[in-house]
Amino acid sequence: MTLEQDDLRQMYKMMLLIRRFEEQCVKFYLSGEIRGSLHPCLGQEASAVGACAALRQDDYMTCTYRGHGQALAKGLDPKEAMAELLGRKTGCSQGKGGSMHFTDPSVGVLGENAIVGAGAPIAVGAAMTAQLDKTGQVAVTFFGDGAVNQGAFHEALNLAAIWDLPIIFFCENNLYSEMTPIKDMVKVERLADRAAAYGMPGVTVDGYDPLAVYEVTQEAVERARRGGGPTFIEAMTYRLFGHMVGDNEPYRTKEEVAEWRAKDPISTFPRRLIDEFGFTEAEIEAIKTEVETEMAEISQFALNSPWPDISEIATDVFA
Ligand SMILES: Cc1ncc(C[n+]2csc(CCOP(=O)(O)OP(=O)(O)O)c2C)c(N)n1
Ligand SMILES: [Mg+2]
């Protein structure tokens, strides 16, 4: 599928919405509206949006605890997402899941997961369902660079490969696992090189370029849908914020952060839309205004939503 002007517009709008959504989350966290821990995906919007642009609504997805952007890009209603974060009844899990547990099967979001690497076997199961039922769906599992040494992760990739499952293993390599640099955890230069060990194609892509991410994901999705099996995609990205709110970032330099900030797709993509795709400054401004208005509505919806009733405390809770 070639991207039309409207697709590009939607991609930029979604990237900007995720950015504003996450900034608002940090504010709500600091003011005590959001409890628990919060791992913003600030800086990683382009890889989630580029990947999800290649998916159908009924395709399956599992994502990480840094997965707000992944879930929103897949189609989770941002009002339900924010209400969930604020613990309200109108949230996607009626306020009982919170930040690391967004779920909405109606748009294929099988769940964020706080356990590193745990989404991969779940996505393999979803891909197996799609294969057995011949539905043409694919599954995508997002994970960080920190997941690639997990045992369950290796099992998932191997099973997907031997059964030619329709799945995309999408690694957001942001160079750090919490406070540990990837170069201290893995000896190979490119994580995508590991794909060869399972017998599947592996590709590394600039995760700050949503169009490049879209292209490689689209190719992987097409291969998966026609029975060609899994693909490993490594998107090089960077979080412009700490690992979580409260991280004072002693493990990286201000210069390194500044280098990536200069390439921030939230600033560079609209410039590209103007220079390469004929968008006008006015169109870009209109998108920004739309997002501001939408964000205000999202926050108000969440703040004005009721709390779950105490009588429902054990409903849908498994223990
Ligand atoms: C199985 C498991 N081990 C350890 C942790 C603690 N932990 C939470 S986040 C994290 C870092 C994961 O890094 P990465 O996969 O690169 O994702 P990123 O935070 O960079 O998005 C770790 C080790 C965990 N949640 N689950
Ligand atoms: Mg990481």
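Above this text sits the structure in question.
Cut-off values and rules
Residues numbered from 1 in each chain as written. Chains lettered and ligands numbered in written order. Predicted model: local features only at pLDDT ≥ 70, side-chain atom pairs only at ≥ 80, totals over all residues. Heavy atoms only, no water. Helix = DSSP H or I, 4+ residues; strand = E, 2+ residues; numbered from the N terminus. Polar contact = N/O pair within 3.5 Å; in protein donor to acceptor, adjacent residues only side chain to side chain. Near = heavy atom within 4 Å. Areas by Shrake-Rupley, 256 points an atom, 1.4 Å probe, with all protein chains shown as cover. Nonpolar A, V, L, I, M, F, W, Y, C, P; charged D, E, K, R; others polar. Salt bridge = Lys/Arg side-chain N within 4 Å of Asp/Glu carboxyl O. Buried < 20%, exposed > 50% of the residue type's maximum accessible area, 1.4 Å probe, protein only. Axes fitted to C-alpha atoms, helices over the stretch in contact; angles between N-to-C directions. Parallel < 35°, antiparallel > 145°, perpendicular 65-115°, else oblique. Left-handed = near helix turned anticlockwise from the far one by under 90°. Contact = heavy atoms within 4.5 Å.

J.: Looking at this structure, how should I read the side chain of D209?
T.: Mapped onto the secondary structure, D209 falls in the loop between β7 (202-206) and α8 (210-225). Within the structure, the side chain of D209 is placed 3.0 Å from the backbone nitrogen of L211, a separation counted as a polar contact. Here A212 takes part through its backbone nitrogen, which lies 3.1 Å from a polar atom of the side chain of D209.

J.: Looking at this model, I keep getting lost on the site of ligand 1. Mind explaining?
T.: Neighbouring ligand 1 are 15 residues, the closest being Y65, R66, G146, N174 and Y176. Within the backbone of A114, an N or O atom sits 2.9 Å from a nitrogen atom of ligand 1. Contact between ligand 1 and Y176: an oxygen atom at 2.9 Å from a main-chain N or O atom of the residue. In the complex, the protein chains occlude 74% of the 580 Å² of accessible area that ligand 1 would expose alone. Grouping the amino acids of the shell around ligand 1 by side-chain chemistry returns six nonpolar, six polar and three charged.

J.: Which parts of the structure should I look at to understand the pattern of salt bridges?
T.: A side chain of one charge can pair with a side chain of the opposite charge if their charged atoms are brought near each other. Using the criterion set out here, one finds 18 salt bridges in the structure. A salt bridge links E290 to K13, with the shortest nitrogen-to-oxygen separation between them at 3.0 Å. Here the residue E290 occupies a position in helix α11 (residues 281-304), and K13 occupies one in helix α1 (residues 5-30), the gap between them amounting to 277 residues. Given a relative accessible area of 29%, E290 falls into the partly exposed group. For the salt bridge of E249 with R252, the shortest nitrogen-to-oxygen distance reads 2.8 Å. By relative accessible area, which is 24% here, E249 ends up partly exposed. Residue classification places R252 among the buried residues on the basis of a relative accessible area of 8%. Here the salt bridges share partners, and the residues they tie into one network are R9, K13, E290 and E294.

J.: Would you explain unusual backbone geometry in this entry?
T.: Even without a glycine there, the phi angle at L175 is positive, about 75 degrees. Within the element layout of this structure, L175 appears in the loop between β4 (167-173) and β5 (176-177). For L175, a relative accessible area of 22% gives the class partly exposed. A positive phi angle is found at D316, which is not glycine, with a value near 65 degrees. Among the secondary structure elements, D316 is positioned in the segment after α11. Judged by its relative accessible area of 58%, D316 is exposed.

J.: Can you walk me through the packing of α1 against helix α4 (residues 78-85) in this structure?
T.: Two quantities define a packed helix pair, namely the angle between the axes and the distance from one axis to the other. α4 packs onto α1 with a crossing angle of 20 degrees between their chain directions and a minimal axis gap of 11 Å. Compared by their axis directions, α1 and α4 come out roughly parallel. Viewed along their axes, α1 and α4 form a crossing whose handedness is right-handed. Of the residues in α4, those touching α1 at L17, F21, Q24, C25 and F28 are P78, A81, M82 and L85. Of the residues assigned to the contact of α1 with α4, the class counts are eight nonpolar, one polar and no charged.

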